[in-house]
Amino acid sequence: MSVTQQQVLDSLKQVASPRGVPLTNANVLSAISVTDGKVFFSINVDAAEARAWESVRAQAEAAVRAIPGVATAMIALTAERKPGSPQAAPAAHRHSHGVQPASAHRPPQGAAASPMSKQAEIPGVAAVIAVASGKGGVGKSTTALNLALGLRDLGLRVGLLDADIYGPSVPRLTGISEKPQLDDNRKMIPIKRFGLSIMSIGFLVEEDTAMIWRGPMVMSAITQMLRDVAWGTLDILVVDMPPGTGDAQLTLAQNVPLKGAVIISTPQDLSLIDARRGLAMFKKVNVPVLGIVENMSYFQCPECGTRSDIFGHGGARHEAERLGVPFLGEIPLHMSIRTTSDEGNPVVVSEPDGPHAAIYRAIGTRVRDQLQGAIAAA
Ligand code: ADP
């Protein structure tokens, strides 16, 4: 029996707002998405009232989950600070379900964010790292997945969180079409594939739905995917970030307990400028940049293996040297990297003894070496 929007609305009528009116009359609900028993919506309130609304959010979630046929309910409380209203205090409002007052979505004031603005570590996860890029289409997701696999090959326990909420591509890159189940504690169980624990917003919503999500909701959803997922014990959780360096990315970098970031760039100048912005963003929130990877660095002929530096390769290496951050490696533009990705069978898995897998493992080794302290401590 499929769940309808009307059933969701009927269940929400039974939940009262802090002022006592039914939630459905409080003018705070976003559009409600219902797909295959998975229900998503946000409750949008003024940041000054966010604390009072948290129990309402929890009640709404419980009411929706009680509807027969509902498998998952992800209800985000998003708080906008109205002009002239008092400054919201992020730490006081933050909680395990990710209330994000608008103040948490603005760039931090001053050069460095306070360590207190970081969310708590994820139990069982030794190190969370971000894979980021200044713009889309540079191969960030392909690199994130193959890097995760390279780290796996080093004997580490690795998870992959696809937080690219604007265009989650991990379902396609891994060929995963099943949906995560809930465990006894109602936490989502990540999908196991290629020895990785994988979670993507794309497992839960259709790609089109993800694209219309507004800034604050993005953070709530990602917080939930970090915290409401039974990750188990991991040495490294690789987070595939949304591309770009806007407010949403900055907030993510600030709120996810990152041990470091890897920046993906192509050799073209334009992409390098974007990569520089990425570096500046992580610096601003005190996240160490583990290094830069140059993707599509040179063209490698699939027939004869001849290498052509069609983009004037080496830009990222020079940039890394200039900025004093490690250069992690260069990945050629090669047909088999693209075809294997698009078939859901990444190159590190499909050609484990090939040259590309070796490159990703070498990059993984450089990343692991920098995280050794965190992994050993855990
Ligand atoms: P992003 O996450 O930056 O948007 P993707 O990882 O989705 O980028 O990659 C964009 C396209 O480029 C995909 O079709 C992918 O298969 C291809 N691609 C990525 N890296 C390489 C590479 N090194 N060689 C060939 N194709 C690549």
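Everything quoted here is computed from the prediction, not taken from an experiment.

Visitor: Lay out the overall build of the chain in plain terms, naming residues and giving numbers.
Guide: For the chain, the count of helices and strands is 13 helices and twelve strands. Residues classed as buried in the chain amount to 57% of the 378 residues present. For the chain, long-range pairs separated by at least 24 residues make up 74% of all intrachain contacts whose partners lie at least 6 apart in sequence. Element-wise, carbon and sulfur atoms account for 54% of the exposed surface of the chain, whose accessible area totals about 15,300 Å².

Visitor: Break down the nonpolar core for me, with residues and values.
Guide: Formed by 88 residues in total, the largest nonpolar core has its most connected members in Met199, Trp231, Leu237, Val238, Val262, Phe282 and Val367. If we ignore the near neighbours within four places in the chain, the residues touching Val262 are Ala130, Val131, Ala132, Leu147, Leu290, Gly291, Val293, Leu328 and Val367. Of all hydrophobic cores here, the second largest spans 22 residues; its members include Val8, Ala63, Ala73 and Ile75.

Visitor: Before we move on, can you summarise the environment of Ile32 with the specific residues and values?
Guide: Following the sequence through the fold, Ile32 ends up in the loop between helix H1 (5-13) and strand S1 (33-35). Counting along the chain gives ten residues from Ile32 to Ser42, while the straight-line C-alpha distance between them is 7.9 Å. In contact with Ile32, not counting residues within four places along its chain, are Gln5, Val8, Leu9, Leu12, Val39, Phe40 and Phe41.

Visitor: How would you sum up the pattern of salt bridges? Please name residues and give values.
Guide: Inspection of the entire model under this criterion finds 18 salt bridges. The closest approach of N and O atoms between Asp10 and Lys13, which form a salt bridge, is 3.2 Å. In this pair, Asp10 and Lys13 both sit in helix H1, three residues apart, roughly one turn of the helix. According to the relative accessible area criterion, Asp10 is partly exposed, its value standing at 33%. The class for Lys13 is partly exposed, based on a relative accessible area of 45%. The structure contains a network of salt bridges with shared partners spanning Glu54, Arg57, Glu61 and Arg65.

Visitor: Give a detailed account of the site of the ligand, specifying residues and quantitative values.
Guide: In the vicinity of the ligand lie 17 residues, with Gly137, Lys140, Ser141, Thr142 and Pro332 positioned nearest. Between the ligand and the protein, one listed contact pairs an oxygen atom with a backbone N or O atom of Gly137 at 2.9 Å. Look at the ligand: alone it shows 560 Å² of surface, and the protein chains cover 85% of it. Examining the composition of the shell around the ligand, we find that four residues originate from one element, helix H11 (residues 335-342), more than from any other. Looking at the shell around the ligand, its residues break down into six nonpolar, eight polar and three charged.

Visitor: Outline unusual backbone geometry, listing residues and values.
Guide: Even without a glycine there, the phi angle at Asn27 is positive, about 60°. Mapped onto the secondary structure, Asn27 falls in the loop between H1 and S1. The phi angle at Asn286 is positive, at roughly 60°, despite the residue not being glycine. Tracing the sequence through the fold places Asn286 in the loop between helix H9 (269-284) and strand S10 (289-300).

Visitor: Which residues make up the pairing of strand S7 (residues 196-200), and what values do they have?
Guide: Among the five residues that make up S7, five are buried, leaving the element largely enclosed by the rest of the structure. Side chains of S7 alternate between two faces, with Leu196, Ile198 and Ser200 and Ser197 and Met199 buried alike. Across four bridges, the pairing between strand S5 (residues 158-162) and S7 is parallel. In the sheet register, Asp162 faces S7, and the bridge partner there is Ser200. Relative to S7, strand S6 (residues 191-193) runs antiparallel, the two being bridged by three bridges. If you follow Lys192 over to S7, its bridge partner there is Ser197.

Visitor: Please provide a residue-by-residue account of the UniProt feature "binding site: ATP" (unreviewed entry) in the chain, values included.
Guide: In this structure's numbering, the residues bearing the UniProt feature "binding site: ATP" (unreviewed entry) are Gly134, Lys135, Gly136, Gly137, Val138, Gly139, Lys140 and Ser141. Position of Gly136 relative to the elements: it lies in the loop between strand S4 (125-133) and helix H4 (140-153). With respect to the helices, strands and loops of the structure, Lys140 is situated in helix H4. The buried category is assigned to Lys140, whose relative accessible area is 6%. Those residues within four positions of Lys140 in sequence are excluded, and the remaining contacts are Val131, Ala132, Ser133, Asp164, Asp240, Met241, Pro242, Pro243 and Ile264.

Visitor: Give me the lowdown on the packing of H4 against helix H13 (residues 355-377), citing residues and values where you can.
Guide: The interhelical angle for the contact between H4 and H13, taken along N-to-C directions, is 75°, at an axis separation of 8 Å. With respect to each other, H4 and H13 are oriented roughly perpendicular. Judged by residue contacts, Thr142, Thr143, Asn146, Leu147, Gly150, Leu151 and Asp153 of H4 engage Tyr360, Arg361, Ile363, Gly364, Val367 and Arg368 from H13. Considering only residue class, the contact of H4 with H13 consists of five nonpolar, five polar and three charged.

Visitor: Hey, could you go over H4 for me, with residue numbers and the actual values?
Guide: Because each turn of an α-helix spans 3.6 residues, side chains separated by three or four positions end up pointing in the same direction. With 14 residues, H4 should cover 20 Å at 1.5 Å per step; its first-to-last C-alpha distance of 20 Å lies within 8% of that length. Within H4, twelve of the 14 residues are buried, which leaves the element mostly enclosed by the surrounding structure. Of all the positions in H4, only Lys140, Ser141, Thr142, Thr143, Ala144, Leu145, Asn146, Leu147, Ala148, Leu149, Gly150 and Leu151 are classed as buried. With its phi angle positive at about 90°, Gly155 sits one or two positions after the end of H4.

Visitor: Talk me through the pairing of S5; I want residue IDs and the actual numbers.
Guide: In terms of residue burial, S5 counts as a mostly covered element, since five of its five residues are buried. As judged from the five bridges shared by S5 and strand S8 (residues 234-240), these two strands associate in the parallel manner. When the sheet's bridge partners are listed, Val158 is paired in S8 with Ile236.

Criteria and thresholds
- The written sequence of each chain sets the order in which its residues are numbered from 1.
- At least 70 in pLDDT is required for a residue's local features to be given in this predicted model, at least 80 for side-chain atom pairs to be given and counted, and no such filter applies to totals for whole chains, interfaces and linings, which use all residues.
- Hydrogens are left out, water is left out, and the side-chain values use all remaining heavy atoms of the structure.
- Runs of E in the DSSP output that reach at least two residues are strands. Runs of H or I that reach at least four are helices, and both are numbered from the N terminus.
- In this scheme, a residue with accessible area under 20% of its type's maximum is buried, one over 50% is exposed, and one in between is partly exposed, where area comes from a 1.4 Å probe on protein chains only.
- Any two residues whose heavy atoms approach within 4.5 Å are treated as being in contact.
- All accessible-area figures derive from a Shrake-Rupley calculation using a 1.4 Å probe, and residue coverage is judged against the displayed protein chains alone.
- Within this scheme, the nonpolar core is defined by two criteria: the residues are buried Ala, Val, Leu, Ile, Met, Phe, Trp, Tyr or Cys, and they are joined through side-chain atoms within 4.5 Å.
- Salt-bridge detection follows one rule: a side-chain nitrogen of Lys or Arg within 4 Å of a carboxyl oxygen of Asp or Glu.
- Here a residue is near a molecule or strand as soon as one of its heavy atoms is found within 4 Å of it.
- Within 3.5 Å is the distance limit for a polar contact, defined as a pair of N or O atoms, with the added protein rule that one can donate a hydrogen and the other accept it, and that residues adjacent in sequence qualify only through two side-chain atoms.
- Think of it as three bins: nonpolar holds Ala, Val, Leu, Ile, Met, Phe, Trp, Tyr, Cys and Pro, charged holds Asp, Glu, Lys and Arg, and polar takes everything else, Gly as well.
- A pair of strands is labelled paired if DSSP reports no fewer than 2 bridges between them.
- UniProt positions are given in the numbering used here, feature names are shortened, and annotations may be inferred rather than shown by experiment.
- Interaxial angle, 0 to 180 degrees, is taken between N-to-C directions of lines fitted to C-alpha atoms, where a helix line uses only the stretch in contact.
- An angle below 35 degrees is read as roughly parallel, one above 145 as roughly antiparallel, one from 65 to 115 as roughly perpendicular, and any other as oblique.
- One less than the residue count of a helix, multiplied by 1.5 Å, gives the span that helix is expected to have.

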